[in-house]
Amino acid sequence: HNGITRPQGYTVSWHANPAVEAHHFGQSHPMKPWRLVLTKELVLAYGMHHAMDLYLSRAATFEEMADFHTEDYLDFLRQVIPADMEAAEQSERMAKYNFGDDCPIFDGLYNYCSLYSGGTVDAARKLVNNQADIAINWSGGLHHAKKTEASGFCYVNDVVLGILQLLRFHPRVMYIDIDVHHGDGVEQAFWSTDRVLTVSFHKFDRDNFFPGTGSLDSTGPSHPSNPGAHHALNVPLNDGIEDGDYLQLFKDIIGSCVETYQPGAIVLQCGADSLGCDRLGCFSLNVTGHGSCVAYVKTLGLPLLVVGGGGYTPRNVSRAWAHETSILIDAADKIDPNIPETVTFRNHFGPDYSLFPPLSEMRKIENKNSKQYLATLVSTIREQLRYMQG
Ligand code: TV7
Ligand code: CA
Ligand code: ZN
């Protein structure tokens, strides 16, 4: 075989269920669960499955999802059907729970939600039970869902459910979010506790980019009685940020956070819409730059839950998540940058058939993040960390 072996001294678990991939949000909707098929095909073709414990995700139960969401909302999610999108008598509840164009009702919606959530809950439990040191669920990372409503292609917040599992054992959990969108649902869920530190890097433009929250100065409600005050950190960025600057910023900020907060476990949301050429994104990261953030978090040596998230150019999403899988199993140097002949759907990776196409050059976006601006972000966040410590 091509020599991919288990990593030395630690265990990686992989959580997936092929039934997730079969769901469709609708013809023109940017979210394509099918990108998970491409990711899996790359991982298999490179032989990475030999290096991990593979688990078929089970569906999260209603009760497990009710650890965060209200029963009201979950009841609606469980019984709603596509025909209700048109039906007048359902329209009030549809609006109440924020279903519509971004969050459509499609066949098997409840099944889809419970399966991706089950993967994240299972992954967190593997970490807590010491059966894995790193646990991966690329189908999760749906960070916008709220307690009582869907938002931004997200219905059930699997990230919150995963963190709640980790909190049963770890006094402090740190959440890191490199999706191009603000991780507002996770931030809000842990707004009032000092047991979770959330850090999101995202494009910020209050009026023109979803969801419009996550400015530099929003660090949690700062009433004197709120223990969660100062435990939400936001890194608002402008268009066109590139690998070198992003990685330096990421290391400076995450390094300081870990040093100060001393988390017992980390949850890393790897939304791939921060790559260059993404259909919805506006950053200029390459697969290697995005992956370097994952590699850095791995060096911290803490129990690590890795989830997916956004990513709207499926061929590049799968490139990034396959590369990141190889980093997590310590096999990045054994992976052929030329995509193997044996990959199913290999035509999707042409004409270059490279795992690392030059995304930052293929669609040039002016970098609107000055060195001065990035330096201000780092110094402001270090100041905020001093407030957090009290
Ligand atoms: C984690 N951007 C999720 C990111 C969620 C972004 C949005 C779309 C979009 C939706 C479509 C569609 C689209 C080309 C892009 C203010 C609106 C504008 C709906 C048409 N094409 C994640 C959510 C964001 C749906 N929403 O972080 C069906 O783009 O900007 C908005 C809100 C109102 C609703 N309209 C868009 O990556 C997984 N939506 C085509 C068909
Ligand atoms: Ca983010
Ligand atoms: Zn996103």
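Residues numbered from 1 in each chain as written. Chains lettered and ligands numbered in written order. Predicted model: local features only at pLDDT ≥ 70, side-chain atom pairs only at ≥ 80, totals over all residues. Heavy atoms only, no water.

1. A look at the site of ligand 1
What counts, and what does not: Near is defined per residue: the residue qualifies when any heavy atom it owns lies within 4 Å of the molecule or strand. Nitrogen and oxygen atoms within 3.5 Å of one another constitute a polar contact, given that in protein one can donate a hydrogen and the other can accept it, and given that sequence-neighbouring residues count only through two side-chain atoms. Shrake-Rupley sampling with a 1.4 Å probe provides the accessible areas, and residues are treated as covered by the protein chains on show and by no other component. Gly counts as polar in this scheme, as do all residues outside two lists: the nonpolar Ala, Val, Leu, Ile, Met, Phe, Trp, Tyr, Cys and Pro, and the charged Asp, Glu, Lys and Arg.
For ligand 1, the set of nearby residues contains 19 residues, the closest of which are Asp-102, His-143, His-144, Asp-273 and Tyr-312. In this structure, Asp-179 approaches ligand 1 through a side-chain N or O atom, which is 3.2 Å from an oxygen atom. Contact between ligand 1 and His-181: an oxygen atom at 3.1 Å from a side-chain N or O atom of the residue. Contact with the protein chains hides 66% of the accessible area of ligand 1, taken as 800 Å² for the molecule alone. Within the shell around ligand 1, the residues separate by chemical class into seven nonpolar, eight polar and four charged.

2. Structural notes on the coordination of the zinc ion (ligand 3)
Formally: Water is absent from the atoms considered, so a metal site may look incomplete; donors are defined as N, O and S atoms within 2.8 Å of the metal, or 3.2 Å for Na, K and Ca. Numbering of helices and strands starts at the N terminus; helices are DSSP runs of H or I of at least 4 residues and strands are runs of E of at least 2. Relative accessibility decides the category of a residue: with a 1.4 Å probe and only protein chains considered, values under 20% of the type maximum give buried, values over 50% give exposed, and everything between is partly exposed.
Of the protein atoms, only Asp-179 (OD), His-181 (ND1) and Asp-273 (OD) coordinate the zinc ion (ligand 3), at distances of 1.9 to 2.0 Å. Sequence spacing of the donor residues for the zinc ion (ligand 3), all on one chain, is D-x1-H-x91-D. Taken together, the residues Asp-179 in the loop between strand S4 (173-177) and helix H8 (184-189) and Asp-273 in the loop between strand S7 (265-269) and helix H10 (287-299) connect sequence positions 94 residues apart. Judged by relative accessible area, Asp-273 falls into the buried class, the value being 0%.

3. Some thoughts on the nonpolar core
To keep things clear, this is the line we draw: Nonpolar cores are built from buried Ala, Val, Leu, Ile, Met, Phe, Trp, Tyr and Cys residues. Side-chain atoms within 4.5 Å join them into one set.
Of all hydrophobic cores here, the largest spans 125 residues; its most connected members are Leu-77, Phe-99, Tyr-155, Ile-163, Val-199, Phe-201 and Leu-249. Looking at which element gives the most residues to this core, the answer is helix H6 (residues 109-128), with 11 residues.

4. Things to note about the pairing of S4
What counts here: The pairing criterion is simple: DSSP has to find at least two bridges between the two strands. Here a crossover is taken to be right-handed if, once the strands point away from the viewer, the path from the first strand over the helix to the second is traced clockwise.
Of all five residues in S4, five are buried, a share of seventy percent or more. What you see with S4 is no split at all: Val-173, Tyr-175 and Asp-177 on one side and Met-174 and Ile-176 on the other are buried throughout. In terms of strand pairing, S4 meets strand S5 (residues 196-203) through five bridges, oriented parallel. Directly across from Val-173, in S5, lies its bridge partner Val-196. Tracing the backbone out of S4, into H8 and back to the parallel element S5 gives a crossover that is right-handed. Where S4 lies against S7, five bridges are found, and the strand directions are parallel. Looking across to S7, one finds that Met-174 is bridged to Ile-266.

5. Regarding the sheet that holds S5
Rules: For helices, the fitted axis covers only the stretch in contact; all axes are lines through C-alpha atoms, and the angles between them, taken along N-to-C directions, range from 0 to 180 degrees.
Read across the open sheet, the eight strands follow the order S2-S1-S3-S8-S7-S4-S5-S6; overall the sheet is parallel. Where the open sheet ends on each side, the last strands, each with one partner, are strand S2 (53-56) and strand S6 (232-237). Averaged over all pairs of adjacent strands, the angle between their axes in this sheet comes to 15°, without regard to strand direction.

6. A look at the coordination of the calcium ion (ligand 2)
Think of it this way: four donors in a tetrahedron around the metal ideally sit 109.5 degrees apart, and six in an octahedron ideally sit 90 or 180 degrees apart. Note the threshold: Any coordination sphere not matching a tetrahedral pattern (four donors, all angles between 85 and 135 degrees) or a square planar or octahedral pattern (four or six donors, opposite donors over 155 degrees apart, other angles between 65 and 115) is reported as irregular.
Taken together, the protein ligands of the calcium ion (ligand 2) are Asp-177 (O), Asp-177 (OD), Asp-179 (O), His-181 (O), Ser-200 (OG) and Phe-201 (O), with distances of 2.4 to 3.0 Å. Bound by six donor atoms, the calcium ion (ligand 2) shows angles of 69 to 168° at the metal and therefore irregular coordination geometry.

7. A closer look at the confidence of the model for the protein
Operational definition: For every residue, the pLDDT score states the predictor's confidence, bounded by 0 at the bottom and 100 at the top.
Per-residue confidence for the protein averages 97 on the pLDDT scale, and 99% of its residues sit at or above 70. For this predicted complex, the interface confidence score (ipTM) comes to 0.99, while the overall pTM stands at 0.99.

8. Comments concerning the packing of aromatic side chains
Applicable threshold: Pairing of aromatic side chains here covers Phe, Tyr and the six-membered ring of Trp, requires ring centres within 6.5 Å, and sorts the geometry by plane angle: under 30 degrees stacked, over 60 edge-to-face, intermediate tilted. We call a charge positioned over a ring when the NZ of a Lys or the CZ of an Arg lies within 6 Å of the ring centre and within 35 degrees of the ring normal.
As enumerated under the stated definition, the model contains 18 aromatic pairs in all. Ring centres of Tyr-73 and Tyr-97 lie 5.4 Å apart, and the angle between their planes is 55°; this geometry places the pair in the tilted category. Of this pair, Tyr-73 sits in helix H4 (residues 71-79) while Tyr-97 sits in the loop between helix H5 (91-96) and H6, and the two are 24 residues apart along the sequence. Here Tyr-73 falls in the buried class, since its relative accessible area comes to 0%. In this structure, Arg-172 is placed above the aromatic ring of Tyr-261, and the distance from its NZ or CZ to the ring centre is 5.9 Å. Lying across the ring of Tyr-353, Arg-346 places its NZ or CZ 4.3 Å from the centre.

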